[in-house]
Amino acid sequence: KKNRKKMGKGKSHDPKDGKRKEKAKMHLKRNIGYVDGVSFIIGSIVGAGIFVSPTGVLKHSLLNVGVALTIWTASGLVSLMGSLCYAELGTALPFSGGEYSHIKRGLGSLPAFIFIWTSTFTKPASNAARALLFAEYATQPFYGICPAPEVLKKCLALAVLWSLGILNGCSVKMAAWVQTVFTLLKMMALSVIAIGGIVLVGGRKESLARFEDAFSSEIPNASQIAEAFFQGLYAYGGWWSLNYMAEEMKNPSRNIPLTVMTAVPAVIVFYLLVNISYLTVLTPKEIVSSVAVAVTWADRVIPSVAWIIPLSVAVSIFGALNSSMFTLGRLSYAGSQSGHLPVLISMLNVHSCTPAPAMIFSTTIASIFIIPSDLITLTNYFGFSAWLMIGLTCASLIVLRYREPHLHRPYKVFLPVPFVMVAMSSFLVLAPIVWSPNLQYVYAFLFMLGSLIVYLPFIHFKLHFAFLDKITCHLQLLLEVSPADESTESKCE
């Protein structure tokens, strides 16, 4: 009777008690909705490239307008196929970490570790490059034709990196809001270019002639088309970003496929319209010879407010950097949860439930790359690794289809699509190495294989040093973080 009275007095039968306990647990919250997801994908894909130098496709198409526009469309469709493959994996396995989590589930621990080992080097370097490019465009108006001091650009790049790192470490909702705002701003800028060129000078006969005789000039050979295709796919890079935040998506079974099917086609349409606008105002030769196509376009169409384009480039880079830092933090968090990175990185802040240590970790590495910025050039030779990991991820989808046929899949992509993506990835990995063999590619492969030096003792044989536990304990108290799925009360206490 006493026990029953105690149970009656307690809150165990209160339906609100379950919600309280759920809130008391440490885990990533589902704060990212449909609009946020669309903003993150578009923000990740659309960076400075479409504003500054969309010349690669046109150059390798031998200035053939029809071939160039076809390649822009085909590149977008390949990106859409890849994002649909990722949508199946994201809805079936809605965990943080993107490709890392899917490769680990489908192909095992070692390929996943190689991925995170390589990404820990290349992705922060990419963020450092974006931060430096932002600093370049943000400081240039104050110096005119003179170059801005290198120290100033590096200081500004570091300030931007740490501002976004702190923002993402403090509040997911705030980071998502910033992403939405900057995505809207960059899409407004693209709309100005897309509509402005067509409306203002679209009726000129010489402009229309370029499209009427789109395929009349020289047709490129197979290797040139492949190179142009490679350039087009690079411009669409970032379509895979949503899977890094699958664990934080509201209703991922519905929102992940819907977000992908909205964002990627929207980018395809905008990219085509912007390229048509460039070709309407400028000749193909002028586009290829221009250092910044959008600036040249603005000088012709809207000279009185041409300054809006450099500003738009800086805004676009800022949004892409915010999205990239958000996803990189989730990758580090997922790797730590699986034991592939120090355990502290998998902990969450007790106040905001954000992966603050993971954000500090990834931002620190990016900062190191900014100081001797020449190191960033080394990461150019890791470009093939991105498509290698995409191929492995799509291969994981195929493996899981046959190995785990009963896995709940709210969305299923047409099975030939991942096979096409694996074949495409294999081609894009081998093509640059075969066409332009370079010793740096050997170094890149050796670096990836070097992960075995760390994997075998620390992951496979689980070598552990006791003094690291004390360091982790002190840092846990200092940063006010707790392991995921634990009470907010720290174990160290």
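Predicted model, so just to flag it, every value in this text is computed and none were measured.

Asker: How do you make sense of the overall build of the protein when you look at a structure like this?
Answerer: Each helix and strand in the protein was counted, giving 23 helices and two strands. Out of the 493 residues in the protein, the part that is buried amounts to 51%. A separation threshold of at least 6 residues defines the contact pool for the protein, and within that pool the share at least 24 residues apart is 81%. For the protein, the accessible surface area stands at approximately 22800 Å², while carbon and sulfur atoms represent 68% of it.

Asker: How should a nonpolar patch on the surface be read in this particular structure?
Answerer: The grouping of Leu-110, Leu-439, Val-442, Tyr-443, Leu-446, Leu-449, Leu-452, Leu-456 and Phe-461 at the surface amounts to a nonpolar patch, some 870 Å² of accessible area in total. Elements supplying a minimum of two residues to the nonpolar patch: helix H21 (439-449) and helix H22 (451-460). For Leu-456, a relative accessible area of 41% puts it in the partly exposed group.

Asker: Help me understand the environment of Ser-425, please; the structure alone is not making it clear to me.
Answerer: Checked against the element boundaries, Ser-425 lands in helix H20 (residues 416-435). In terms of polar contacts, Ser-425 uses its side chain to reach the backbone amide nitrogen of Gly-391, at 3.4 Å.

Asker: Honestly, helix H23 (residues 466-479) in this entry has me stumped. Any pointers?
Answerer: Given 3.6 residues per helical turn, the α-helix brings residues three or four places apart onto the same face. Here H23 contains 14 residues, and its C-alpha end-to-end distance of 21 Å stays within 8% of the 20 Å for a straight helix at 1.5 Å per residue. Positive phi appears at Glu-480, one or two residues downstream of H23, with a value of about 55 degrees.

Asker: Even after reading the chapter, I still don't get the pattern of salt bridges, so can you show me in this structure?
Answerer: When charged atoms on two side chains of opposite charge get close, those side chains can pair. Under the criterion given, the structure shown has eight salt bridges. A salt bridge links Glu-150 to Lys-153, with the nearest nitrogen and oxygen atoms 3.1 Å apart. Highlighted residues: Glu-150 and Lys-153, both in helix H9 (residues 150-170), separated by three residues, approximately one helical turn. Look at Glu-150 and you get partly exposed, because its relative accessible area is 47%. Here Arg-403 ties to Glu-404 by a salt bridge, and the two come within 4.0 Å at their closest N and O atoms. A relative accessible area of 46% means that Arg-403 is categorised as partly exposed. Three or more residues are tied together by salt bridges with common partners; here these are Glu-88, Arg-401 and Arg-409.

Asker: Quick question: what am I supposed to make of the state of the cysteines here?
Answerer: The bond known as a disulfide is covalent and runs between the sulfur atoms of two cysteines. Enumeration over the complete set of coordinates arrives at zero disulfides. Looking at Cys-85, it has no disulfide partner, and the nearest cysteine sulfur is the one in Cys-394, 4.3 Å off. The class for Cys-85 is buried, based on a relative accessible area of 0%.

Asker: I'm lost on the packing of helix H16 (residues 308-337) against helix H17 (residues 356-370) in this one. Help?
Answerer: Axis angle and axis distance: for two packed helices, these are the angle between their axes and the distance between the axes, and together they describe the pair. At their nearest, the axes of H16 and H17 sit 8 Å apart, and the two run at 115 degrees to each other. The angle between H16 and H17 places the two elements in the roughly perpendicular class. With respect to the hand of their crossing, H16 and H17 are arranged in right-handed fashion. Counting all contacts with H16, which are made through Met-325, Leu-328, Gly-329, Arg-330, Ser-332 and Tyr-333, the residues of H17 involved are Ala-358, Met-359, Phe-361, Ser-362 and Thr-363. In terms of residue class, the contact of H16 with H17 is built from six nonpolar, four polar and one charged.

Asker: Looking at this structure, how should I read the environment of Ser-83?
Answerer: By secondary structure assignment, the location of Ser-83 is in helix H6 (residues 65-92). Residue class for Ser-83 comes out buried when judged on its relative accessible area of 1%. With 181 residues separating them along the chain, Ser-83 and Val-264 place their C-alpha atoms 8.0 Å apart. Discounting residues that sit within four places of it in the chain, Ser-83 has contacts with Trp-239, Val-260 and Val-264.

Asker: Got a minute to help me understand the packing of aromatic side chains in this structure?
Answerer: Two measures describe an aromatic ring pair: the distance that separates the ring centres and the angle between the ring planes. Applying the stated criterion to the full structure yields 15 aromatic pairs. Note on Tyr-86 and Trp-239: the rings are 5.0 Å apart at their centroids and 75 degrees apart in plane angle, and the pair reads as edge-to-face. With Tyr-86 in helix H6 and Trp-239 in the loop between helix H12 (222-235) and helix H13 (252-281), this pair connects stretches of sequence that are 153 residues apart. Grouped by ring-pair contacts, the aromatic residues Phe-113, Trp-117, Phe-121, Phe-369, Phe-447 and Tyr-455 constitute a single cluster. Seen from the ring of Phe-326, Arg-330 lies directly overhead, with NZ or CZ sitting 3.8 Å from the centre.

Asker: Just checking my understanding: could you explain the side chain of Ser-75 for this structure?
Answerer: The residue Ser-75 is located in helix H6 in this model. Not counting chain neighbours up to four residues away, the residues in contact with Ser-75 comprise Phe-229, Gly-232, Leu-233 and Tyr-236.

Here is what the cut-offs are and how they apply
- Residues numbered from 1 in each chain as written.
- Predicted model: local features only at pLDDT ≥ 70, side-chain atom pairs only at ≥ 80, totals over all residues.
- Heavy atoms only, no water.
- Helix = DSSP H or I, 4+ residues; strand = E, 2+ residues; numbered from the N terminus.
- Buried < 20%, exposed > 50% of the residue type's maximum accessible area, 1.4 Å probe, protein only.
- Contact = heavy atoms within 4.5 Å.
- Areas by Shrake-Rupley, 256 points an atom, 1.4 Å probe, with all protein chains shown as cover.
- Patch = residues over 30% accessible without salt bridge, like charges linked within 9 Å, V, L, I, M, F, W, Y side chains within 5 Å.
- Salt bridge = Lys/Arg side-chain N within 4 Å of Asp/Glu carboxyl O.
- Polar contact = N/O pair within 3.5 Å; in protein donor to acceptor, adjacent residues only side chain to side chain.
- Expected span 1.5 Å × (residues − 1).
- Disulfide = S-S within 2.5 Å.
- Axes fitted to C-alpha atoms, helices over the stretch in contact; angles between N-to-C directions.
- Parallel < 35°, antiparallel > 145°, perpendicular 65-115°, else oblique.
- Left-handed = near helix turned anticlockwise from the far one by under 90°.
- Nonpolar A, V, L, I, M, F, W, Y, C, P; charged D, E, K, R; others polar.
- Phe/Tyr/Trp six-rings, centres within 6.5 Å; stacked < 30°, edge-to-face > 60°.
- Lys NZ or Arg CZ within 6 Å of the ring centre and 35° of its normal.

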